[in-house]
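An overview of the molecular structure
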Amino acid sequence: MNNDAFDGQILAEKLSKLNNSQQSIESLSRWCISHRKKARQIVETWDRLFNSSQREQRVSFLYLANDILQNSRRKGSEFVNEFWKVLPASLRLVYENGDELGKKAVTRLVGIWEERKVFGSRGQSLKDVMLSQNPSSALLSNGKSSNPIKIVKRDAHSVRIKLAVGGLPEKILTAFQSVLDENVNEESALSKCHTAVSHVSKIVEDIENASSQGIGVLLV
């Protein structure tokens, strides 16, 4: 099974049949990890089907994410980086709208990730978001934030800003990453590069707006 070529439709079918059994979760986890070079597409599909799945199946999706995260870290950080973009919103959805089983599962998983530092120093941020202690965090942007530049320090002479996770800079990297993908479509890649250029222009515009207020801008 590990030698199968990656196919997004096959992944979607496998996810639709996912259940809470150890065999179901571990089998699909191994398949995903064997295609870790496609981590972005895998996690995007995971996120899309998670949000369209029935409430009782979402815990299975979280268990699958956990298995992938735990068993892929030694091979690379592809899945850690991709799941970091979508898990906060997914965890909150289950924690706020799920049953007691779902809430306990979320609390347990976040505790494990924090204890084992699956996301490095970001574990506490994940807990804060899950418990709504810091709902305005850039962590919640999930690639949809209207303002990808977050002010983290302000003084009389400068504004220190931080580029939000999943914001425009992330989109730029994603666009250019397509150039490195296997079997890349030249027309599609060119279109994405044009999109990336427009993202750069938007960032420059935001920075110029801050500067026009007589404030220096430092990127961190």
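Further up the page is the structure itself.
Okay, so let's go over this structure. By convention here, each chain's residues receive numbers from 1 onward along its written sequence. Predicted model: local features are reported for residues with pLDDT of at least 70 only, side-chain atom pairs are reported and counted for 80 or more only, and whole-chain, interface and lining totals are derived from all residues. Only hydrogens and water are set aside; all other atoms, that is, all heavy atoms of the structure, feed into the side-chain values.

1. Comments concerning the side chain of glutamate 82
Here a strand is any run of E in DSSP of at least two residues, a helix any run of H or I of at least four, and the numbering for each starts at the N terminus. With respect to the secondary-structure elements, glutamate 82 resides in helix α5 (residues 78-97). Burial status follows relative accessibility: with a 1.4 Å probe on protein chains alone, a residue under 20% of its type maximum counts as buried, one over 50% as exposed, and anything between as partly exposed. Here glutamate 82 falls in the buried class, since its relative accessible area comes to 14%. Contacts are assigned to residue pairs that have any heavy atoms within 4.5 Å of one another. In this view, glutamate 82 contacts Ala39, Arg40 and Val43; residues no more than four positions away in its chain are not counted.

2. Quick notes on the environment of glutamate 26
Within the secondary structure layout, glutamate 26 lies in helix α2 (residues 22-34). In the structure, glutamate 26 is positioned 38 residues away from leucine 64 in sequence and 7.4 Å away in space, judged by C-alpha atoms.

3. Some words on a positive patch on the surface
Residues with no salt bridge and a relative accessible area higher than 30% make up the patches, which join like charges within 9 Å and nonpolar side chains (Val, Leu, Ile, Met, Phe, Trp, Tyr) within 5 Å. Areas reported here follow the Shrake-Rupley algorithm with a probe of radius 1.4 Å; residue values treat only the protein chains shown as occluding. Only one rule defines a salt bridge in this text: a Lys or Arg side-chain nitrogen within 4 Å of an Asp or Glu carboxyl oxygen. Charge convention: Lys and Arg are scored as positive, Asp and Glu as negative, and His as well as the terminal groups of each chain are ignored. Here the site of a charge means atom NZ of a Lys, CZ of an Arg, CG of an Asp or CD of a Glu. Residues Arg73, Arg74, Arg108 and Arg116 make up a contiguous surface patch of positive charge. As for its placement among the helices and strands, arginine 116 is situated in the loop between α6 (100-115) and α7 (123-130). Residue classification places arginine 116 among the partly exposed positions, given a relative accessible area of 49%.

4. Here's the deal with the pattern of salt bridges
Summed over all chains, the structure comprises two salt bridges. Here lysine 85 ties to glutamate 82 by a salt bridge, and the two come within 3.0 Å at their closest N and O atoms. Pair noted here: lysine 85 and glutamate 82 are both in helix α5, with a separation of three residues, about one helical turn. Owing to a relative accessible area of 15%, lysine 85 belongs among the buried residues under this scheme. Between glutamate 96 and arginine 92 there is a salt bridge; the shortest N-O distance is 2.7 Å. You can see glutamate 96 and its partner arginine 92 sitting in helix α5, four residues apart, about one turn around the helix. Looking at arginine 92, the relative accessible area reads 18%, which means it is buried.

5. Some details on the packing of aromatic side chains
What counts as a ring pair is set by centres within 6.5 Å for rings of Phe, Tyr and Trp (its six-membered ring), and what kind of pair is set by the plane angle: stacked under 30 degrees, edge-to-face over 60, tilted for all other angles. A full pass over the atoms with the stated rule returns seven aromatic pairs. With 6.1 Å between their ring centres and 65° between their planes, phenylalanine 50 and phenylalanine 61 make a pair best called edge-to-face. Of the two residues, phenylalanine 50 is situated in helix α3 (residues 39-52) and phenylalanine 61 in helix α4 (residues 55-72); the sequence distance between them amounts to 11 residues. Note on phenylalanine 50: relative accessible area 0%, which makes it buried. Relative accessible area serves as the criterion here: at 1%, phenylalanine 61 is assigned to the buried category. Between the aromatic rings of tryptophan 113 and phenylalanine 119, the centroid separation amounts to 5.8 Å while the plane-to-plane angle is 85°, which identifies the pairing as edge-to-face. No difference in accessibility class separates tryptophan 113 from phenylalanine 119, as the two residues are buried. Think of it as a cone above the ring: NZ of Lys or CZ of Arg counts as a charge over the ring if it is within 6 Å of the ring centre and within 35 degrees of the ring normal. Of note, arginine 58 hangs over the ring of phenylalanine 50, and the distance from its end group to the ring centre comes to 5.6 Å.

6. Points about the packing of α4 against α6
Note on definitions: angles span 0 to 180 degrees between N-to-C directions of axes, and those axes are lines fitted to C-alpha atoms, for helices only across the stretch in contact. Packing of α4 against α6 leaves a shortest axis separation of 10 Å and a crossing angle of 10°. If you check the angle between α4 and α6, you find them roughly parallel. Judged by the twist between their axes, the crossing of α4 over α6 is left-handed. Note on element contacts: α6 touches α4 through Gly102, Ala105, Val106, Leu109, Ile112 and Trp113, opposite Val59, Leu62, Tyr63, Asn66, Leu69 and Gln70. Throughout, the ten residues Ala, Val, Leu, Ile, Met, Phe, Trp, Tyr, Cys and Pro are labelled nonpolar, Asp, Glu, Lys and Arg are labelled charged, and all others, Gly among them, are labelled polar. Residue classes in the contact of α4 with α6 are distributed as nine nonpolar, three polar and no charged. An angle below 35 degrees is treated as roughly parallel, one above 145 as roughly antiparallel, one from 65 to 115 as roughly perpendicular, and anything else as oblique. Throughout, a crossing is termed right-handed when the near helix is turned clockwise from the far one, and left-handed when it is turned anticlockwise from it by less than a right angle.

7. Description of α2
The terminal C-alpha atoms of α2, which comprises 13 residues, lie 18 Å apart, in line with the 18 Å expected from a rise of 1.5 Å per residue. Residues of α2 that are buried include every one of Ser24, Ile25, Leu28, Ser29, Trp31, Cys32 and Ile33, and no others. Where the residues of α2 are buried, they touch α1 (8-16), α3, α4 and α5. Expected helix span is computed as 1.5 Å times (number of residues minus one).

On their own, these measurements won't tell you what the molecule is for.
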